[in-house]
Amino acid sequence: MAFTFVVEDGTGTNAAANSYVSVEDADDIITTNIHISDSWDALTVSQKERLLVWASRYLDTQTRWKGYKTVDDSPLRWPRQGVCDRDDIEIDANTIPNQLKVATAEMARYLIDVDRSVERDTDGLERVKADVVEIEFLAGYRLPQVPSHIQYLVQGLGYISGGRGTRFARVVR
């Protein structure tokens, strides 16, 4: 199956939509940061498209978006109704908010060097101690997360979840 890059236009009706932002818009967003624009500029258009698709999918799986989808069977989780931005201004139901476009572009830039998919192979725990609580992770393990600056970008639109969700275990004394 050939890879096709399709930007969500806000209608939710394109069954092939797989990105919240175009390469052109991502270029505009990312190149304003002088510290990271060179690594982004060095990529081919195809590489940028794949990163933007991955970033869109990653944000959709890691974020509990507010409101509800306007089109139930759309491939992405936006567009949505009943959502306000971080300034508490209601977002039009047929819009991909600029805030989400910026977050997607920034996530794509972050994914250039960091393969987030490998962190899900293990829960990373080496040891848990109950007396004077102590948790130790395997060497080199990093908790799956969305960087804090991207968490801020989605503020108002939804909440970044903590990875695998809440789990409970029986405590033995």
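Residues numbered from 1 in each chain as written. Predicted model: local features only at pLDDT ≥ 70, side-chain atom pairs only at ≥ 80, totals over all residues. Heavy atoms only, no water.

Caption draft 1: Examining the overall build of the chain more closely. Helices and strands together make up the secondary structure of the chain, namely 5 helices and 6 strands. What you see in the chain, going N to C, is helices and strands ordered as α-α-α-β-β-β-α-β-β-α-β. Split into buried and exposed, the 173 residues of the chain put 41% on the buried side. Expressed as a percentage of contacts within the chain between residues at least 6 apart in sequence, the contacts between residues at least 24 apart total 60%. Just so you have it, the chain exposes about 10,600 Å², and 50% of that area is on carbon and sulfur atoms. (Helix = DSSP H or I, 4+ residues; strand = E, 2+ residues; numbered from the N terminus. Buried < 20%, exposed > 50% of the residue type's maximum accessible area, 1.4 Å probe, protein only. Contact = heavy atoms within 4.5 Å. Areas by Shrake-Rupley, 256 points an atom, 1.4 Å probe, with all protein chains shown as cover.)

Caption draft 2: The arrangement of the pattern of salt bridges in detail. Overall, the coordinates contain 2 salt bridges when judged by the stated rule. For Asp27, the salt bridge is made with Lys48, and the minimal N-O distance between the two is 2.9 Å. Remark: Lys48 occurs in helix 3 (residues 45-62) and Asp27 occurs in helix 1 (residues 23-30); sequence separation between them is 21 residues. Two residues, Glu106 and Arg109, come together in a salt bridge whose shortest N-O distance is 3.2 Å. Placement of the pair is Glu106 and Arg109 together in helix 4 (residues 98-111), with a separation of 3 residues, close to one helical turn. We classify Glu106 as buried; its relative accessible area is 10%. (Salt bridge = Lys/Arg side-chain N within 4 Å of Asp/Glu carboxyl O.)

Caption draft 3: Quick look at the nonpolar core. Of all hydrophobic cores here, the largest spans 37 residues; its most connected members are Trp40, Leu52, Leu59, Trp78, Leu100 and Met107. Elements represented by at least two residues in this core include exactly helix 1, helix 3, helix 4 and helix 5 (148-153). Per-element tally for this core: the top contributor is helix 4, with 8 residues. Leave out the neighbours within four places in its chain, and Trp40 touches Ala26, Asp27, Ile30, Lys48, Leu51, Leu52, Ala108, Arg109 and Ile112. (Core = buried A, V, L, I, M, F, W, Y, C linked by side-chain atoms within 4.5 Å.)

Caption draft 4: Molecular detail of the packing of helix 1 against helix 4. It is at 9 Å that the axes of helix 1 and helix 4 come closest, and there the two elements cross at 80°. By the angle between their axes, helix 1 is roughly perpendicular relative to helix 4. Across from Asp25, Ala26, Ile29 and Ile30 in helix 1, the residues of helix 4 making contact are Lys101, Val102, Ala105, Glu106 and Arg109. For the contact of helix 1 with helix 4, the residue count by class is 5 nonpolar, no polar and 4 charged. (Axes fitted to C-alpha atoms, helices over the stretch in contact; angles between N-to-C directions. Parallel < 35°, antiparallel > 145°, perpendicular 65-115°, else oblique. Nonpolar A, V, L, I, M, F, W, Y, C, P; charged D, E, K, R; others polar.)

Caption draft 5: Region of the structure containing helix 3. In a regular helix each residue adds 1.5 Å, so 18 residues correspond to 26 Å; helix 3 covers 25 Å between its end C-alpha atoms and thus fits that length. Residues of helix 3 that are buried: Lys48, Glu49, Leu51, Leu52, Val53, Ala55, Ser56, Tyr58, Leu59, Asp60 and Gln62. (Expected span 1.5 Å × (residues − 1).)

Caption draft 6: Expanded view of the confidence of the model for the chain. With 74% of its residues at a pLDDT of 70 or more, the chain has an overall mean of 83. Counted against residues more than four places away or in other chains, residues 163-168, with its pLDDT under 50, gives 6 contacts. (pLDDT = per-residue confidence, 0-100.)

Caption draft 7: A look at the packing of aromatic side chains. If you walk through the whole model with that rule in mind, you get 1 aromatic pair. A centroid spacing of 5.6 Å and a plane angle of 80° characterise the contact between Trp65 and Trp78, whose relative ring orientation is edge-to-face. Residue Trp65 is located in strand 1 (residues 63-65), and its partner Trp78 is located in the loop between strand 2 (68-69) and strand 3 (80-81); the two are separated by 13 residues in the primary sequence. As far as burial versus exposure is concerned, Trp65 and Trp78 are alike and both buried. When the ring centre of Phe3 is taken as reference, the NZ or CZ atom of Arg50 above it lies at 4.3 Å. (Phe/Tyr/Trp six-rings, centres within 6.5 Å; stacked < 30°, edge-to-face > 60°. Lys NZ or Arg CZ within 6 Å of the ring centre and 35° of its normal.)

Caption draft 8: Highlighting the side chain of Ser56. When you line up the elements, Ser56 lands in helix 3. Setting aside anything within four residues of it in sequence, one finds Ser56 in contact with Asn18, Ser19, Tyr20, Leu76 and Thr104.

Caption draft 9: Looking closely at the packing of helix 3 against helix 4. Across the interface, helix 3 lies against helix 4 with an axial gap of 8 Å and an inter-helix angle of 115°. Taken together, helix 3 and helix 4 sit at an angle that is classed as roughly perpendicular. The element helix 3 and its partner helix 4 pack so that their crossing is right-handed. Across the interface between the two elements, Leu51, Leu52, Trp54, Ala55, Ser56, Tyr58 and Leu59 from helix 3 touch Leu100, Ala103, Thr104, Ala105, Met107, Ala108 and Leu111 from helix 4. Of the residues in the contact of helix 3 with helix 4, the class split is 12 nonpolar, 2 polar and no charged. (Left-handed = near helix turned anticlockwise from the far one by under 90°.)

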